[in-house]
Amino acid sequence: GGGGGGERPAISSAIESMFRDGASMDMIDKALNTVELAPEHLQDPELDIITGVQVIDSNYRIFILEGLADGNILRLLDEIPRVSANSKSFKVLYNPEITFTERYYSAYNVDIKRIRLRETLRQLILKVDTYLEPKYMLTAWALMRLNEISNAGRMKKLRDLVLFPTVPQLEHMYKKLGDALSIEDLTGEKPVDKRARKTQGGGDEMPALTTEE
């Protein structure tokens, strides 16, 4: 419970205010990155924030997001509706009847943690046996669990088999196999080649969106 820990931080209203004032996504991202919740807030079962992680490779992005079952996670699903049936290139796993008793990713606070892999998950999983030494086991677990998530068809399987990677596993994987984030990783847009635009007469074209989730 949130008893004597003081008022809950008004994160959502602060971010919505930045949206209304025309702040860029980069500014909002930086603002979220600086938010560090107090331990009593992180343990508050009624704090309505979305926490999670985003794992990126050259082919896909895997988002693992968590929030109150009847809170902002429903708003997210409403504002970003499913546009197609699950397929190899796009998949959403969500079941309102499946809930959890605790958060996995509150250690990342309100900023969705981004982890870029040096190689694709498919390439890494093909040689996962090379990470089965004791000093690499956390990385191996993260890779195997992410691979199971990418191949799963139902949320029930992920819950029953405990297939969500933990923060220590993800952090270990990042140290061993992580890479620097690119502009495209951060914005979802390919950077504009200014030289190419000059040679083509330089219209104000929108940068191409990636085909990733």
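Residues numbered from 1 in each chain as written. Predicted model: local features only at pLDDT ≥ 70, side-chain atom pairs only at ≥ 80, totals over all residues. Heavy atoms only, no water.

**Student:** Looking at this model, I keep getting lost on the overall build of the chain. Mind explaining?
**Tutor:** When you go through the chain residue by residue, the secondary structure sums to 10 helices and 4 strands. When the helices and strands of the chain are read in sequence order from the N terminus, they spell out α-α-α-β-β-α-β-α-α-α-α-β-α-α. Looking at the chain as a whole, 32% of its 213 residues are labelled buried. In the chain, the proportion of contacts linking residues at least 24 apart, taken out of those at least 6 apart, comes to 67%. As displayed, the chain offers around 13800 Å² of accessible surface, 54% of which is attributable to carbon and sulfur atoms. (Helix = DSSP H or I, 4+ residues; strand = E, 2+ residues; numbered from the N terminus. Buried < 20%, exposed > 50% of the residue type's maximum accessible area, 1.4 Å probe, protein only. Contact = heavy atoms within 4.5 Å. Areas by Shrake-Rupley, 256 points an atom, 1.4 Å probe, with all protein chains shown as cover.)

**Student:** Any chance you could explain the sheet that holds strand β3 (residues 113–117) here in plain terms?
**Tutor:** Sheets are built from strands that pair by backbone hydrogen bonding, the pairs being arranged parallel or antiparallel. Here 4 strands make up an open sheet; going across it, the order is β2-β1-β3-β4 and the pairing mixed. If you trace the sheet from one side to the other, it starts and ends with β2 (61–66) and β4 (178–179), each paired once. Docked against the sheet, helix α6 (residues 137–151) engages β1 (51–56) and β2, running at close to 95 degrees with respect to β2. (Pairing = 2+ DSSP bridges. Axes fitted to C-alpha atoms, helices over the stretch in contact; angles between N-to-C directions.)

**Student:** Looking at this structure, I do not really get unusual backbone geometry. What am I missing?
**Tutor:** Keep in mind that most residues, glycine aside, have a negative phi and that most peptide bonds are trans. For Asn 109, which is not glycine, the phi torsion reads 60 degrees and is therefore positive. On the secondary structure map, Asn 109 appears in the loop between α4 (72–79) and β3. Since its relative accessible area comes to 12%, Asn 109 is described here as buried. Although it is not a glycine, Val 162 adopts a positive phi angle of roughly 50 degrees. Structurally, Val 162 is set in the loop between α7 (155–160) and α8 (167–177).

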